[in-house]
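Topology and contacts: notes
As a plain string of letters, each chain reads:
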Amino acid sequence: MAQPLVAVSTDVKEFENYRWHAAPDQYLEAAVSAAGVLPVLVPSFGERIDLDSLLAAVDGVMLTGAKSNVDPTLYGGADDEKNGPYDRQRDSTTLPLIRRAIERGVPLLAICRGIQELNVALGGTLAAEIQERPGTLDHRAPESADQDERFAIRQKVTIRTGGCLAGLFKADEIQVNSVHRQGIDRLAPNLRVEAVAPDGVIEAVSVANARAFAVGVQWHPEYWAKSDEPSQRIFEAFGEAVRAHAAARMKAAAA
Ligand SMILES: N[C@@H](CCC(=O)NCCCC(=O)O)C(=O)O
């Protein structure tokens, strides 16, 4: 099979006197090396994107992490700059993209900011600065200029027995990295919890009754996808779903 295409979200950033629609290399590298797919960046052009044309041309969607937070006004929150930075162009692209991909049965892997977008897109809410809540662990990265240190695997998560992730790992507890200060507050109606942290923070979800792989993780499997087995398994499972979607699409086209 030719290398199937996966649409990847982009962050809008200004630097070197330009405005960029960009995605970090770690996600793209994991897509190619661990999932065996070709990532295709989707500019954050919001409603100017014909989602059906895009989703007819790809066999998966991957939402990356980002320092920016989802605009709180999208889930009934206050437009408070203290919980920024925001990336409203990305929000205007990813939230409708998520809903349409799920409707069309296009496999979806949502990472960190991506799981938060997934929850908001389907009607849930987010909590800001969760480390300030009594009893909540600090889920932020350690202060460091070294990305390997920031994305170090250091937190236990418990996998839901019988869930869609349970079959991926050889244990019901895995170790993950953690680089976030927001978290799922009210879970969207059509999402199922697939993993939780020791403090109860939701660490993974799946879309109930999804037509294809539709998973969000709060941690970063892309970062150690070449060396950490649970990370590898998530990308392998996503790649398998993408290839199954591609085969079905080609069969339908040939019919
Ligand atoms: N901004 C959200 C989502 C966190 C996220 O996607 N982190 C990715 C890496 C960001 C970094 O390098 O600091 C939140 O903080 O919850």
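Placed above this text is the structure.
Here goes a summary of the coordinates provided.

What counts and how
- Residues numbered from 1 in each chain as written.
- Predicted model: local features only at pLDDT ≥ 70, side-chain atom pairs only at ≥ 80, totals over all residues.
- Heavy atoms only, no water.
- 1 Å grid on protein atoms, 1.4 Å probe; cavity = no way out; pocket = protein on both sides within 12 Å on 5 of 7 lines; lining within 4 Å.
- Points joined across faces, edges and corners; volume = space filled by probe spheres on them.
- Helix = DSSP H or I, 4+ residues; strand = E, 2+ residues; numbered from the N terminus.
- Nonpolar A, V, L, I, M, F, W, Y, C, P; charged D, E, K, R; others polar.
- Pairing = 2+ DSSP bridges.
- Axes fitted to C-alpha atoms, helices over the stretch in contact; angles between N-to-C directions.
- Near = heavy atom within 4 Å.
- Polar contact = N/O pair within 3.5 Å; in protein donor to acceptor, adjacent residues only side chain to side chain.
- Areas by Shrake-Rupley, 256 points an atom, 1.4 Å probe, with all protein chains shown as cover.
- Sits in = over half its atoms within 2 Å of the grid points.

The next subject is the layout of surface pockets. Roughly 690 Å³ of volume is contained in the largest pocket. Taken together, 30 residues form the lining of the largest pocket, with Ala 66, Lys 67, Arg 150, Phe 151 and Val 179 sitting closest to its centre. Listing elements by their share of the lining of the largest pocket, those giving two or more residues are strand S2 (11–15), helix H1 (25–35), helix H4 (113–121) and helix H5 (147–150). Each residue belonging to the lining of the largest pocket can be placed in one class, and the counts come to eleven nonpolar, ten polar and nine charged.

One open sheet holds the nine strands; their spatial order is S4-S1-S5-S6-S13-S12-S11-S8-S9, and the pairing between them is mixed. The two strands at the open ends of the sheet, each matched to only one other strand, are strand S4 (38–41) and strand S9 (173–176). With strand direction ignored, the average angle separating the axes of adjacent strands in the sheet is 25°. Sheet analysis places strand S11 (residues 191–196) next to strand S12 (residues 202–207), joined by five bridges and oriented antiparallel.

Glancing now at unusual backbone geometry. The omega torsion across Gly 84 and Pro 85 is 5°, close enough to zero to call that bond cis. Examined against the element boundaries, Pro 85 turns out to sit in the loop between strand S5 (61–63) and helix H3 (88–104). Even without being a glycine, Cys 112 presents a positive backbone phi close to 55°. Backbone geometry at Glu 129 places phi at a positive 45°, although glycine is not the residue there. Structurally, Glu 129 can be placed in the loop between strand S7 (126–127) and H5.

Time to look at the site of the ligand. In the vicinity of the ligand lie 14 residues, with Ala 66, Ser 68, Asn 69, Arg 150 and Gln 182 positioned nearest. Ala 66 places a polar main-chain atom, nitrogen or oxygen, 2.7 Å from an oxygen atom of the ligand. One of the backbone nitrogen or oxygen atoms of Arg 181 is found 3.1 Å away from an oxygen atom of the ligand. When the ligand sits alone it has 430 Å² of accessible area, and the protein chains cover 91% of it. With respect to the detected pockets, the ligand is housed in the largest pocket. Here the residues of the shell around the ligand are counted per class, giving three nonpolar, seven polar and four charged.

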